Each structure stands twice: as structure tokens, then as C-alpha cells.
Amino acid sequence: MPNPEVVAYLRQFINKHPVDALRKQLQTEGISDADFDEALKFVLRTPIPKERKPGKAGTVFLFGGIAFILGLMVVTLNRKDPAPEKKTRQTEEGAYLGAVADYVIRLPEGYAAFPDFKDRAKTVEVVHFAKRGTHPTNFLHEGLFGQLGIVRLEVEPNRFLESPHPVDDLTRFVENMMKARSETFNKKPLLVGSLKGLQVTVEAPFQRTEAYVLGEKVLYMFVAGQDDEIFREIMMSLRETAAEM
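So, here's what we can say about the structure. Just so it is clear, the structure is predicted and the values come from calculations on it, not from any experiment.

With respect to the sheet that holds strand S1 (residues 95-97)
Thinking step 1. Reading across from one edge, S1-S2-S10 is the order of the three strands in this open sheet, with antiparallel pairing throughout. Bordering the open sheet on either side are S1 and strand S10 (239-240), each of which pairs with just one other strand.

If you want it as C-alpha cells, here you go:
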């Protein structure tokens, strides 16, 4: 059973400060990594309610830790956060141009693209789409994607280029991967513009939505907390610019 005081604290501050910073601050109060991780998993599996006045236990905990909470705010304000504007591939307001392939994603209002690479050779591109000001440490925890409206896109070389039936092979690949992870899921065919693919809704043990889209030369893989308006707006805006010419 997770520590109720740690749970109450995380529910109030998880959307306001980086998870790693919260962990470090609670460590100074004697909270172990095991207790923190247990409470974090509990919070990520349950909806975070709208802000309200904390209960008696939460009040005692918050007032007891008011000094380090204020310290956390000072540290956070003084920290040089990674700024999405330094990413040169975000070429125009409201759109993101791919780095490893000629594609474009239209950004929802108030969103920014946070691009990176998964490998040193820069053959696999990883882009997180999130609200402006979102701290990049939140990208490490997929359980936060749904609550914070984060969508991740990975772009890698298309392994099905030589296949005579790429959609069928993609479907088998995804099915085998899900079964190997012992995940319960539903799937459906997907059409993004002229590109075909597969969308998967994972029900257990970790709920999320994934979409796999076959590009001309690359495979696009989207991950989000749920199949909501933001996820669909980002995914369905995908266009390969060379194909549009």
C-alpha cells in the first residue's frame, strides 16, 4: 500500500514540477526511492482530480514540508530548462519538419515539438509533442502522457519496404510484440492521408494508444496516453512532403 501522504503530495505537484525534482526533494524528507516509486505508480494509474483543498493528512504533510516546497520552487525557477526553441527543425509557427525524413506534423494550438535522436548515428528520430513549457523530464514517464497531453513519435527506417504485403507484415509484427509483452489490446486499420497503418489500444497492464504508419521510406510510431482529440490531431496531420509535391 503506497504512503498516502506521498500520494497526496504527488497528486498536487506532479503536474507542476519535474518528477525527478520531486523525488530529490522528498528524499531530503526521508522518503525512500521504493516508497516514492510505489506512490508514483499508484498516482499514474489513477486520474488526478482537479485541484482542491487537501485533507487533514495532506495538510499536515504539506505544512511540514513547506520549507522544501518553497526551495523546490526556487530551484525550478532558477534552473535553465531545455528550451524547445533551440531545435532548428521546428521551422515555422505551428508545424514541425522531420529530421530523418521529409515529413511535416501540424502542431495543436499551444503545443511545441521537442526533437531528439534515439541513437548516435541519428537514424531513429524521437519527437515529443507537448504543451509549451512542459519539462522534458516528464517525457521519461509514459504514465504522464495522458494527463499532460504528451504524444511521442518515433521515426525509423521502414523494415517492410521489400514486403509485397507491408500492412499484413506490420500487423503481424505488432501483434507478436504485444503478445510477447503479455498485453491485452485491440487493433484497427489506419489511414493517415494516403499512408496506411495500424492503430492499437492497449488495455492492460498499462493503458495507452499506439499508431504505426507506413511511410515511403520510414515507419512512424505514435504513442499517447489515450485516443483523444490531441492524439488524433497530431497523428492525422502527418504528411510526407515529397509525396505532396
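So, next bit.
Looking at the side chain of His128
Thinking step 1. Summarising the element assignment, His128 is placed in strand S4 (residues 125-131).
Thinking step 2. We classify His128 as buried; its relative accessible area is 10%.
Thinking step 3. Among all residues touching His128, those that are not within four sequence positions of it are Ala112, Ala113, Phe114, Phe139, Phe145, Ile150, Val151 and Arg152.

A short note on the nonpolar core
Thinking step 1. In this structure, Tyr103, Phe129, Tyr220, Phe222 and Leu238 are the most contacted members of the largest nonpolar core, which totals 25 residues.
Thinking step 2. Mapped onto this core, the elements with two or more residues apiece are strand S2 (103-106), strand S3 (111-117), S4, strand S5 (151-157), strand S6 (184-192), strand S8 (208-214), strand S9 (218-224) and helix H8 (229-236).
Thinking step 3. Sort the elements by how many residues they give to this core and S9 lands first, with four residues.
Thinking step 4. Those residues within four positions of Tyr103 in sequence are excluded, and the remaining contacts are Tyr96, Leu97, Gly98, Glu125, Val127, Leu153, Val155, Tyr220, Leu238, Arg239, Glu240 and Thr241.
Thinking step 5. Core analysis: the second largest hydrophobic core is formed by 23 residues, Val6, Leu22, Val43 and Leu144 among them.

What about the pattern of salt bridges?
Thinking step 1. Inspection of the entire model under this criterion finds twelve salt bridges.
Thinking step 2. Between Arg23 and Asp37 there is a salt bridge whose closest N-O contact spans 2.7 Å. Separated by 14 residues along the polypeptide, Arg23 in helix H2 (residues 19-28) and Asp37 in helix H3 (residues 33-45) bring together distant segments of the chain.
Thinking step 3. The buried category is assigned to Arg23, whose relative accessible area is 18%.
Thinking step 4. Taking the relative accessible area as the measure of exposure, Asp37 reaches 28% and is therefore partly exposed.
Thinking step 5. One salt bridge in this structure joins Arg152 and Glu142, with 2.9 Å as the shortest N-O distance. Of this pair, Arg152 sits in strand S5 while Glu142 sits in the loop between S4 and helix H6 (145-148), and the two are ten residues apart along the sequence.
Thinking step 6. Accessibility expressed as a relative area gives 14% for Arg152, which makes it buried.

Focus on the packing of aromatic side chains
Within a pair of aromatic rings, the relevant descriptors are the distance that separates the centres and the angle that separates the planes.
Thinking step 1. According to the stated counting rule, one finds six aromatic pairs in the structure shown.
Thinking step 2. A network of ring pairs unites the aromatic residues Tyr96, Tyr103, Phe129 and Tyr220 as a single cluster.

Focus: the sheet that holds strand S7 (residues 195-204)
Thinking step 1. Pairing in this open sheet of seven strands is antiparallel, and the strands run S3-S4-S5-S9-S8-S7-S6 from one edge to the other. Where the open sheet ends on each side, the last strands, each with one partner, are S3 and S6. The average undirected angle you get between the axes of adjacent strands in this sheet is 20 degrees.
Thinking step 2. By the bridge criterion, seven bridges tie S3 to S4 in an arrangement that is antiparallel. From the neighbouring strand, Asp116 faces S4, where its bridge partner is Val126.
Thinking step 3. In this fold helix H7 (residues 166-180) packs onto S6, S7, S8 and S9, with an angle of close to 150 degrees to the strand it touches most, S8.

What counts, and where the lines are drawn
Residues numbered from 1 in each chain as written. Predicted model: local features only at pLDDT ≥ 70, side-chain atom pairs only at ≥ 80, totals over all residues. Heavy atoms only, no water. Pairing = 2+ DSSP bridges. Helix = DSSP H or I, 4+ residues; strand = E, 2+ residues; numbered from the N terminus. Buried < 20%, exposed > 50% of the residue type's maximum accessible area, 1.4 Å probe, protein only. Contact = heavy atoms within 4.5 Å. Core = buried A, V, L, I, M, F, W, Y, C linked by side-chain atoms within 4.5 Å. Salt bridge = Lys/Arg side-chain N within 4 Å of Asp/Glu carboxyl O. Phe/Tyr/Trp six-rings, centres within 6.5 Å; stacked < 30°, edge-to-face > 60°. Axes fitted to C-alpha atoms, helices over the stretch in contact; angles between N-to-C directions.

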